[in-house]
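# Results of the structural survey
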Amino acid sequence: MQLSYEGISQEEAGFLTHHYQQRGYRMRKYLNEDVRLWDVLVSLPERARFPKTPFSMLNPLWR
């Protein structure tokens, strides 16, 4: 899955870059058509399945 932020300021792009790199996600920062703005593309990891629901969250009637 990829997240895309388009047309953001230098300050916002710097914040997103720091935020995602700190968490270990792959990301790219591109200069927008408007030279004052940036585009940020983030690749998020995908899972084959969702994590199991904790047993304590299951309704007793479902068991």
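Description of the structure in this document. Keep in mind it's a predicted model, so treat the numbers as computed, not measured.

### Observations regarding the overall build of the chain
- When you go through the chain residue by residue, the secondary structure sums to one helix and three strands.
- Beginning at the N terminus, the succession of helices and strands in the chain can be written as β-α-β-β.
- Computed over its C-alpha atoms, the radius of gyration of the chain comes to 18 Å, more than 25% above the 11 Å expected for a compact globule of 63 residues.
- The C-alpha extent of the chain, read off along each of the three principal axes, is 60 × 20 × 20 Å.
- The buried share among the 63 residues of the chain stands at 17%.
- In the chain, the proportion of contacts linking residues at least 24 apart, taken out of those at least 6 apart, comes to 48%.
- Carbon and sulfur atoms form 54% of the exposed surface of the chain, whose accessible area is close to 5,800 Å².
- Once the 9 positive and 7 negative side-chain charges of the chain are each reduced to a mean point, those two points are 19 Å apart.

### Topic: helix H1 (residues 10–22)
- Taking 1.5 Å as the rise per residue, H1 with 13 residues should run 18 Å; its terminal C-alpha atoms sit 18 Å apart, in good agreement.
- Of the residues making up H1, those classed as buried are Ala-13, Leu-16, Thr-17 and Tyr-20. For H1, the buried positions fall inside an angular range of 105 degrees around the axis, keeping them on one side. Structural note: H1 exposes Glu-11, Phe-15, His-18 and Gln-22 on the side pointing more than 90 degrees away from its buried face.
- Lining the buried residues of H1 we find strand S1 (2–8), strand S2 (26–31) and strand S3 (38–43).
- Note on H1: the residue one or two positions beyond its end, Gly-24, has a positive phi of about 85 degrees.

### Here's the deal with the pattern of salt bridges
- According to the stated counting rule, one finds one salt bridge in the structure shown.
- Measuring nitrogen to oxygen at the nearest pair gives 3.1 Å for the salt bridge that ties Asp-34 to Arg-36.
- Given the relative accessible area of 30%, Asp-34 is considered partly exposed.

Here is what the cut-offs are and how they apply
- Residues numbered from 1 in each chain as written.
- Predicted model: local features only at pLDDT ≥ 70, side-chain atom pairs only at ≥ 80, totals over all residues.
- Heavy atoms only, no water.
- Helix = DSSP H or I, 4+ residues; strand = E, 2+ residues; numbered from the N terminus.
- Rg over C-alpha atoms; globule rule 2.2 N^0.38 Å.
- Buried < 20%, exposed > 50% of the residue type's maximum accessible area, 1.4 Å probe, protein only.
- Contact = heavy atoms within 4.5 Å.
- Areas by Shrake-Rupley, 256 points an atom, 1.4 Å probe, with all protein chains shown as cover.
- Lys, Arg positive; Asp, Glu negative; His and termini not counted.
- Charge placed at Lys NZ, Arg CZ, Asp CG, Glu CD.
- Expected span 1.5 Å × (residues − 1).
- Arc of directions from axis to C-beta.
- Salt bridge = Lys/Arg side-chain N within 4 Å of Asp/Glu carboxyl O.

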